[in-house]
Amino acid sequence: MSVIAAIATPRGTGGISVIRISGEDTFELCNGIFTPTSTKKRPSEMEGYTCAYGKITDGGEYIDDCVLTVFCAPKSYTGEDVAEISCHGGIFVTNRILQLIFRNGAVPAEPGEFTKRAFLNGKMNLIQAEAVMNIISAEGRASHCCAAALKQGAIFGNIDAVAKKLLGLLGELGAWVDYPEEDIPEVESGEMLSVLEESASALEKILRDYDSGKIIREGVDTVIVGKPNVGKSTLMNLLSGCERSIVTDIAGTTRDIVEESVTLGDIVLRLSDTAGIRKAEDIVEKFGVERANAKLDAAELVLAVFDNSEPFNEEDEEICKRCEGKKCIALINKTDKEQSLDVGHIEKTFEKVIYISARSGEGTHELEAAICGLFGTDGLNYNEGILANERQRLCVQNSLNAIKEAVFALNDGYTLDAVNILIDEAENYLLELTGEKVSEAVVNEVFSHFCVGK
Ligand code: GDP
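> Give a detailed account of the overall build of the protein, specifying residues and quantitative values.
The secondary structure content of the protein amounts to 16 helices and 13 strands. The C-alpha atoms of the protein give a radius of gyration of 29 Å, which is well past the 22 Å a tight globule of 454 residues would have. In terms of overall dimensions, the protein has a C-alpha envelope of 80 × 80 × 35 Å along the principal axes. Burial status across the protein gives 50% buried among its 454 residues. Of all intrachain contacts in the protein linking residues separated by at least 6 positions in sequence, the fraction that spans at least 24 positions is 66%. Just so you have it, the protein exposes about 21700 Å², and 50% of that area is on carbon and sulfur atoms. In the protein, 44 positive and 74 negative side-chain charges are present, and the distance between their average locations comes to 7 Å.

So this is what it looks like as structure tokens:
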């Protein structure tokens, strides 16, 4: 395999940058550009898991001080010889060293190529490789926990157990199907059925958790609605911890939609602050209201805000109507002020009603609990792992479908040949999931979503 190199740290100015190099001739390449000062050993003489301080030079010209860390195959991230150069974190200097590495024989690493090599060299299965990307992209505690569990092998363990059971059945069936004349005891269909049903229910649980885990992985598309001045912007600012949308006392001044991701406890809300659902008079505001209505229709969660200090009116009634049939939480805001709001109609319309003060922050924990309850994430155990993406879900779903067909075929008295083919199909989908039996095209597709340097 050719030697690949890439900057592993974000493009930008920082204290240090790390350049990663991997492949058979990595240490020879480093010999040519790195002069150690902390040791007499050249890079190719260094032991794995050791580092040296020294200078990067280009044909005798000094470029930068750096620390070189050496990982010897197979005990490295990729399973190959790997070197990491930690240099000063300037964009120019880092690029200059990278260009020097290319001139000395390395080629630019493709997106995810380090992790792809780790997978191809058996350092991790495909589920773990995909978990690496989820660890990097995790925005909150829950999504990080799920990704970390996958990286530790959480889902793989369950999938592997099902795959082994199916393989056992295939072994028994294979002997029977291939040598029908020989004296092999007939496969017990009752026993086979119970193995298939156990396998199906294990896969069904994994799929259920995937659905509930969607909001953990992707966050919830959330819209805040309410008549003007109920405190939508204040609420949004409270959740985002900064002043994003303009807060004013004049009704209808939040004209545009401001979008932002915020974490509320364990979950990520993708928030849209809206111009408020109301019949707008002027053109600019009308434009905002139309967009707000479209957002409301597309949202997965609506936070409908009402003002505790104002009487319930037509505009509030309109908000209630617009929320019908959607996943909604009513927020009675300004609970620090004296109550004038009659909450009777709101309590009847909304499944969940939470009392908050967007100004003081009171009630945010209750809001978080209500959202978790609404989306069924409160019963999830993140440490058990949740499938990371649609590719994985499809493999499990296809495997489950094949198992169900095999159960049907057995019950309906189809030939064992047919049952054998279906179980084989179920097994293959699981092996595609873990990457044990997967086409090059699928592998390339998986790693194309990674960033360069990972
Ligand atoms: P919007 O039009 O719905 O976005 O409402 P704003 O967020 O602009 O708030 C309107 C006014 O209500 C501002 O003066 C806020 O400071 C005030 N306000 C918002 N939330 C609260 C609250 O919980 N308590 C009190 N006392 N005032 C609040």
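> Can you explain the sheet that holds strand S2 (residues 16–22)? Please cite residues and give values.
Taken together, the seven strands give an open sheet; going across it, the order is S3-S4-S5-S6-S2-S1-S7, and neighbouring strands pair in mixed fashion. Looking at strand neighbours, the two that pair on one side only are strand S3 (34–36) and strand S7 (107–108), the edges of this open sheet. Note that strand S5 (residues 61–71) and strand S6 (residues 82–88) share five bridges and pair antiparallel. Paired with Val70 across the strands is Ala83, a residue of S6. Contacts from helix H1 (residues 26–33) reach S2, S3, strand S4 (50–58), S5 and S6, with the element oriented near 30° to S6.

> Provide a residue-level description of the side chain of Ser399, including the pertinent values.
In this fold, Ser399 is placed in helix H14 (residues 390–411). Sequence-distant contacts of Ser399, that is, excluding residues within four places in its chain, are made with Leu203, Ala426, Tyr429 and Leu430.

> Got a sec to walk through helix H11 (residues 314–323)? Specific residues and values, please.
All of the buried residues in H11 are Asp316, Ile319, Cys320 and Cys323. Axial view of H11: buried residues confined to an arc of 100°, hence all on one face. Along H11, exposed side chains directed more than 90 degrees from the buried face belong to Glu314 and Lys321. Each element contacted by the buried residues of H11 is listed here: strand S8 (220–225), strand S11 (301–307), strand S12 (328–333) and helix H12 (344–349). After H11 finishes, the residue Gly325 shows a positive phi value of roughly 80°.

> Any chance you could break down the pairing of S4 for me, citing the residues and the numbers?
Sheet topology places S3 next to S4; three bridges connect them, and they run antiparallel. Its bridge partner being in S4, Phe34 is matched across the sheet by Ile56. Pairing of S4 with S5, which is carried by nine bridges, proceeds in the antiparallel orientation. Looking at S5, one finds that Gly54 is bridged to Cys66. As consecutive antiparallel partners, S4 and S5 are separated by two residues, and within that stretch Gly59 has a phi angle of approximately 55°, a positive value.

> Lay out the confidence of the model for the protein in plain terms, naming residues and giving numbers.
Averaged over all residues, the pLDDT of the protein equals 88, while 90% of them reach at least 70. This model gives residues 275–280 a pLDDT under 50, and the stretch forms 25 contacts once residues within four places in sequence are excluded.

> Outline the nonpolar core, supporting the account with residue identities and numerical values.
By size, the foremost hydrophobic cluster in this structure holds 38 residues, and its most contacted members are Ile159, Leu166, Leu196, Leu203 and Ile423. Every element with two or more residues in this core is listed here: helix H4 (126–137), helix H6 (154–178), helix H7 (189–212), H14 and helix H15 (416–434). Residues contacting Leu166, with those up to four places away along its chain left out, are Leu196, Ser199, Ile403, Ile423, Ala426, Glu427 and Leu430. Cys146, Leu264, Ile371 and Leu380 belong to the second-largest nonpolar core, a separate cluster that totals 33 residues.

> Give a detailed account of the pairing of strand S1 (residues 4–7), specifying residues and quantitative values.
Burial of the side chains of S1 extends over both faces: Ile4 and Ala6 are buried on one face and Ala5 and Ile7 on the other. Judged from the four bridges that link them, S1 and S2 form a sheet pairing that is antiparallel. For Ala5, the partnering residue across the bridge sits in S2 and is Ile21. Two strands pair when backbone bridges link them, and S1 and S7 are joined in this way by two bridges, in the parallel orientation. Looking at S7, one finds that Ala5 is bridged to Pro108.

> For the pattern of salt bridges, give the residues involved together with the corresponding values.
When charged atoms on two side chains of opposite charge get close, those side chains can pair. Taken as a whole and assessed by the stated rule, the structure comprises 19 salt bridges. A salt bridge links Glu61 to Arg96; its shortest N-O distance comes to 3.0 Å. Within this pair, whereas Glu61 is found in strand S5, its partner Arg96 is found in helix H2 (residues 91–103), the two being separated by 35 residues in sequence. Under the relative-accessibility criterion, Arg96 is labelled partly exposed at 27%. Ionic pairing is found between Asp297 and Arg322, a salt bridge with its closest N-O pair at 3.8 Å. One end of the pair, Asp297, is in helix H10 (residues 283–298); the other, Arg322, is in helix H11, and 25 residues separate them in sequence. Judged by its relative accessible area of 51%, Asp297 falls in the exposed class. We classify Arg322 as partly exposed; its relative accessible area is 24%.

Calculation criteria
- Residues numbered from 1 in each chain as written.
- Predicted model: local features only at pLDDT ≥ 70, side-chain atom pairs only at ≥ 80, totals over all residues.
- Heavy atoms only, no water.
- Helix = DSSP H or I, 4+ residues; strand = E, 2+ residues; numbered from the N terminus.
- Rg over C-alpha atoms; globule rule 2.2 N^0.38 Å.
- Buried < 20%, exposed > 50% of the residue type's maximum accessible area, 1.4 Å probe, protein only.
- Contact = heavy atoms within 4.5 Å.
- Areas by Shrake-Rupley, 256 points an atom, 1.4 Å probe, with all protein chains shown as cover.
- Lys, Arg positive; Asp, Glu negative; His and termini not counted.
- Charge placed at Lys NZ, Arg CZ, Asp CG, Glu CD.
- Pairing = 2+ DSSP bridges.
- Axes fitted to C-alpha atoms, helices over the stretch in contact; angles between N-to-C directions.
- Arc of directions from axis to C-beta.
- pLDDT = per-residue confidence, 0-100.
- Core = buried A, V, L, I, M, F, W, Y, C linked by side-chain atoms within 4.5 Å.
- Salt bridge = Lys/Arg side-chain N within 4 Å of Asp/Glu carboxyl O.

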